[in-house]
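If you want the building blocks of each chain, they are given just below.
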Amino acid sequence: MSRFSVENAAFTNLWGSDQSTTILSITLNEFGFLWNRPRYYSTSFADGEYIPTNEKGVASFTVQAEIPVTSTVMDMRAPLGEGQPMEAGESMEYSGSIKGFIAPTWKQTATARDYQEKLMAKYGSDAAILKGFATNELAPRINAGYQTLDYIAMKAESTLKARYDIGRGLTGNIYAIPTEYQQKEKAGAKVWTDPAADILASVMDIQDKKWKEWGVELPMQLKVTKKFFRNVIMKNPGVIKTLKTNWLTDQGQLAAGVDSVSNWVVSEENFNKYVVGSIPNFPKLTIVDSEMLIDRQTVDPWADGIAVLCPLGYAGRILRTDSLDEEIYTKYGNNACSFAFSRTADGLMLVMNSLLPNGSLTERQMKVVMDACPVITDFQYRVLIDTKTANS
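Because the structure is a prediction, the values reported are computed rather than measured. (Residues numbered from 1 in each chain as written. Predicted model: local features only at pLDDT ≥ 70, side-chain atom pairs only at ≥ 80, totals over all residues. Heavy atoms only, no water.)

### Section: the overall build of the protein
- Of the regular secondary structure elements, the protein holds nine helices and 18 strands.
- Taken over the C-alpha trace, the protein has a radius of gyration of 27 Å; the compact-globule value for 392 residues is 21 Å, which it surpasses by more than 25%.
- With the principal axes as the frame, the protein shows a C-alpha extent of 80 × 70 × 40 Å.
- Put simply, the protein has 392 residues, and 45% of those count as buried.
- Excluding contacts between residues fewer than 6 apart, the proportion of contacts in the protein whose partners are at least 24 apart in sequence is 74%.
- When the accessible area of the protein is evaluated, it comes to approximately 21400 Å², of which 50% is carbon and sulfur surface.
- For the protein, the distance from the average site of its 40 positive side-chain charges to the average site of its 45 negative ones is 7 Å. (Helix = DSSP H or I, 4+ residues; strand = E, 2+ residues; numbered from the N terminus. Rg over C-alpha atoms; globule rule 2.2 N^0.38 Å. Buried < 20%, exposed > 50% of the residue type's maximum accessible area, 1.4 Å probe, protein only. Contact = heavy atoms within 4.5 Å. Areas by Shrake-Rupley, 256 points an atom, 1.4 Å probe, with all protein chains shown as cover. Lys, Arg positive; Asp, Glu negative; His and termini not counted. Charge placed at Lys NZ, Arg CZ, Asp CG, Glu CD.)

### Here's the deal with the pattern of salt bridges
- Scanning the entire structure with this criterion turns up 16 salt bridges.
- Here Glu157 makes a salt bridge to Arg382, at a shortest N to O gap of 2.8 Å. Remark: Arg382 occurs in the loop between β17 (361–376) and β18 (383–386) and Glu157 occurs in helix α4 (residues 127–159); sequence separation between them is 225 residues. There is no split in this pair, since Glu157 and Arg382 are both buried. (Salt bridge = Lys/Arg side-chain N within 4 Å of Asp/Glu carboxyl O.)

### Observations concerning the pairing of β18
- Strand direction decides the pairing type here: strand β8 (residues 183–186) and β18, joined by four bridges, are parallel. Paired with Glu185 across the bridge in β18 is Ile385.
- The pairing of strand β13 (residues 306–311) with β18 spans four bridges and is classified as antiparallel. In the sheet register, Leu309 faces β18, and the bridge partner there is Val383. (Pairing = 2+ DSSP bridges.)

Honestly, that's just the spatial picture; any functional story needs more than this.
See the structure below:
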């Protein structure tokens, strides 16, 4: 068994070594379980295409959609008569550019490195230090990137605008779907927080109206936040009565009356079974867990009071581009510096390890950057329902 050497340790060679890129790649694969878990963006947005950058490093994109031609009937003709030309669907599109994002930079001074290497020499292993680095430094920065995608995705889905207004760096619009393509509806006769509101009828009325406008009956879903579902929908007397009545019917106890049914029956699972499943063509309910903890504060990017009626399936795609860091630092980096790059398995996050001069000493750094963006592609069939505003 070979003797442990600090100089040859995997953690040591994450920086300033010919093996740094390989070891960094292995580390990302080995500890991927720390950040590979279901995310909102990955369940609502499909993996999209790569967008090349121009000479200024800007990756501009255009998202197109088409309204399908509606069904019709055939024309009667005379012998050998020609058919009338059929018009193509209306072309709809919007544009934007992919922005770059970066997590806080990790730094290790020469004195901190010296202390760490003495610990490795003392215990004859770098396993604990490598695991601690991956758990406490690398994973939170990669997870920050995925949470950024979740934030943008939920804001875009509920506002039809991707505006980044959080974090400590730049803020601004990434894209906005043109007003003429936005479809918005009011709550109905009453706001949905009103106990007298017929929420289920309002949803069906809006869906039927849109189906007629579109000329196509798409399978739909109703997206609401978990908080809205619990505090508004599941407290609506009409919803509760419908749910309990259908539950009694299923149990063969309809004669018992809804007043005999315990409130435990009023749940998300039973809503999907006894409301969605019992009303023909009622859209599937999708609950969005929109609240997220950012810098020790609870943040909700989903627009307040907005329910979204949209087609079943993905809302859009995740577009990505190259981060300029790898190309520029590889080509033009200071010869006194050393750089290593590797990406997460999904290609979204670029990890950059650097060994840099710091006065007469050297300093280790680790950066995690991302150049990606969720874009809405179902906008021609996406309806924002303002549940806080009744029809006039």
